[in-house]
Amino acid sequence: MSNNLADSSHPTRADSSHPTHAYSSHPTHADSSHPTHPAVAWIGLGIMGSPMSENVIKAGYEVTGFTLEQEKLDRLAAAGGTVAGSVAEAVRNADVIITMVPASPQVEAVAYGPDGILENARPGALLIDMSSITPQTSIDLAAAAGDKGIRVLDAPVSGGEAGAIEAVLSIMVGGEQADFDAAKPVFEALGRTIVLCGPHGSGQTVKAANQLIVAVNIQACAEAVVFLEKSGVDLAAALDVLGGGLAGSTVLTRKKDNFLNRDFKPGFRIDLHHKDMGIVTDAARTVGAPLPVGAVVAQLVASLRAQGDGGLDHSALLRAVERLSGAQV
């Protein structure tokens, strides 16, 4: 396997002495005298997937995408991508296949079956699942794909919609070192912190821990906001000074305006964080790790969702604290 694509000093071009590339045993379709980026298929163009795929296009890759919503496909085409009519069509000639869908059932739906990725991708392709799913789902997918000669990385991300747009995501990866090295140039088009965390499923385990930390942090921020407001403090000034001290965090920085303006337009929906809290609590139970605070926050997330706020941004945990304080929201 060529290491040129993993060389961060040349993130966008393969070594011209090697007309084939590290992702597949098949040569690219371009003339070997003009080496090109690997062809990318992108499945799932939601809040995260759309800006992420656009950043890959901006980095010089040819991206063929498929999703269920026509307006998302139109957006991809406007950004310079190619629209496919199905998963099978999108992945058929791809060297790299990226999936970014909501949960384990959706990953399984696009991966398996006669119209899925595993039956239609060519041997040697690299499947990078960037969804947030259970670690076991990732492990099972890697095993099934291996039987087809398809390599897999689980590579969930953190940073929310803003991080996806700005290409500053944190990417936590599980899989083989050689596949991670091959995928590094694509990851560099999407994020800044890119780490191989261990074997298959490790990326998802670290993402579960990430979601635990984020949920607890948002809940603490929400409680502080209600406390400060009820105490008659200038909330904007308080959050500014808190952000500059030990209480400062990426969560507080990113969500401060949400709290101040009660703007809960979804960047990451409560529905999805509820799913993720289920993943982390189940995984922790399996390994015998206690989550006393995490379990309480998981219930608060579930309660907010049950009250009809599942479609709001997870900063809407503030609404639950306000309700507990007696406010009408």
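The rules behind each value
- Residues numbered from 1 in each chain as written.
- Predicted model: local features only at pLDDT ≥ 70, side-chain atom pairs only at ≥ 80, totals over all residues.
- Heavy atoms only, no water.
- Helix = DSSP H or I, 4+ residues; strand = E, 2+ residues; numbered from the N terminus.
- Buried < 20%, exposed > 50% of the residue type's maximum accessible area, 1.4 Å probe, protein only.
- Contact = heavy atoms within 4.5 Å.
- Areas by Shrake-Rupley, 256 points an atom, 1.4 Å probe, with all protein chains shown as cover.
- Expected span 1.5 Å × (residues − 1).
- pLDDT = per-residue confidence, 0-100.
- Pairing = 2+ DSSP bridges.
- Right-handed = clockwise from strand over helix to strand, strands pointing away.
- Axes fitted to C-alpha atoms, helices over the stretch in contact; angles between N-to-C directions.
- Parallel < 35°, antiparallel > 145°, perpendicular 65-115°, else oblique.
- Nonpolar A, V, L, I, M, F, W, Y, C, P; charged D, E, K, R; others polar.
- Phe/Tyr/Trp six-rings, centres within 6.5 Å; stacked < 30°, edge-to-face > 60°.

The helix and strand tally for the protein chain stands at 14 helices and 9 strands. Looking at the protein chain as a whole, 49% of its 329 residues are labelled buried. Partitioning the intrachain contacts of the protein chain with sequence separation of at least 6 by distance along the chain shows that 66% fall at a separation of at least 24. Of the roughly 14600 Å² of accessible surface on the protein chain, a fraction of 54% belongs to carbon and sulfur atoms.

If you check helix H12 (residues 270-287), its first and last C-alpha atoms are 26 Å apart, about what 18 residues at 1.5 Å a residue would give, namely 26 Å. Turning to H12, its buried residues are Ile270, Leu272, His273, Lys275, Asp276, Met277, Ile279, Val280, Thr281 and Ala284. Those residues of H12 that are buried are in contact with helix H6 (135-147), helix H9 (202-230), helix H13 (292-309) and helix H14 (317-324). One or two steps after H12, the chain reaches Gly288, where phi turns positive at roughly 80°.

Turning to the confidence of the model for the protein chain, a few remarks are in order. A low pLDDT score tells you not to read the predicted coordinates there in detail. Summing up the model confidence of the protein chain, the mean pLDDT is 91 and the portion of residues at 70 or higher is 89%. In this model, residues 1-35 is a region of pLDDT below 50 whose contacts with residues beyond four sequence positions or in other chains number 66 contacts.

Right, let's talk about the pairing of strand S2 (residues 63-66) for a bit. In terms of strand pairing, strand S1 (residues 40-43) meets S2 through 4 bridges, oriented parallel. Paired with Ala41 across the strands is Thr64, a residue of S2. Read as a crossover between parallel neighbours, the route from S1 over helix H1 (residues 49-58) to S2 is right-handed. The pairing of S2 with strand S3 (residues 82-83) spans 2 bridges and is parallel. Bridged to Gly65 within S3 is Val83.

A few words on the pairing of strand S9 (residues 191-198). As paired elements, strand S8 (residues 169-174) and S9 share 6 bridges and run parallel to each other. Residue pairing in the sheet places Met172 in a bridge with Val195 of S9. Regarding topology, helix H8 (residues 177-188) serves as the crossover connection from S8 to the parallel S9, and that connection is right-handed.

What follows is about the side chain of Asn258. The topology assignment puts Asn258 in helix H11 (residues 250-261). Asn258 sits in the buried class, given a relative accessible area of 12%. Leaving out residues up to four positions away in the same chain, Asn258 has contacts with Asp263, Phe264, Asp313 and Ser315.

The next subject is the packing of helix H10 (residues 235-243) against H11. Axis separation between H10 and H11 bottoms out at 11 Å; the angle between their running directions is 175°. Of the possible angle classes, the one that applies to H10 and H11 is roughly antiparallel. Contacts between H10 and H11 involve Leu235, Ala236, Leu239, Asp240, Leu242 and Gly243 from the former and Leu252, Lys256 and Leu260 from the latter. Here the residues of the contact of H10 with H11 sort into 6 nonpolar, 1 polar and 2 charged.

Examined against the element boundaries, Leu196 turns out to sit in strand S9. Distance in space between the C-alpha atoms of Leu196 and Ala155 is 8.8 Å, their sequence separation being 41 residues. When sequence neighbours within four positions are dropped, the list of residues in contact with Leu196 reads Val173, Gly174, Gly175, Glu176, Gln177 and Phe180.

Our focus in this paragraph is the packing of aromatic side chains. As enumerated under the stated definition, the model contains 1 aromatic pair in all. Relative to Phe187, the ring of Phe180 lies with its centre 6.3 Å away and its plane at 40°, an arrangement referred to as tilted. Taking the relative accessible area as the measure of exposure, Phe180 reaches 7% and is therefore buried. A relative accessible area of 0% means that Phe187 is categorised as buried.

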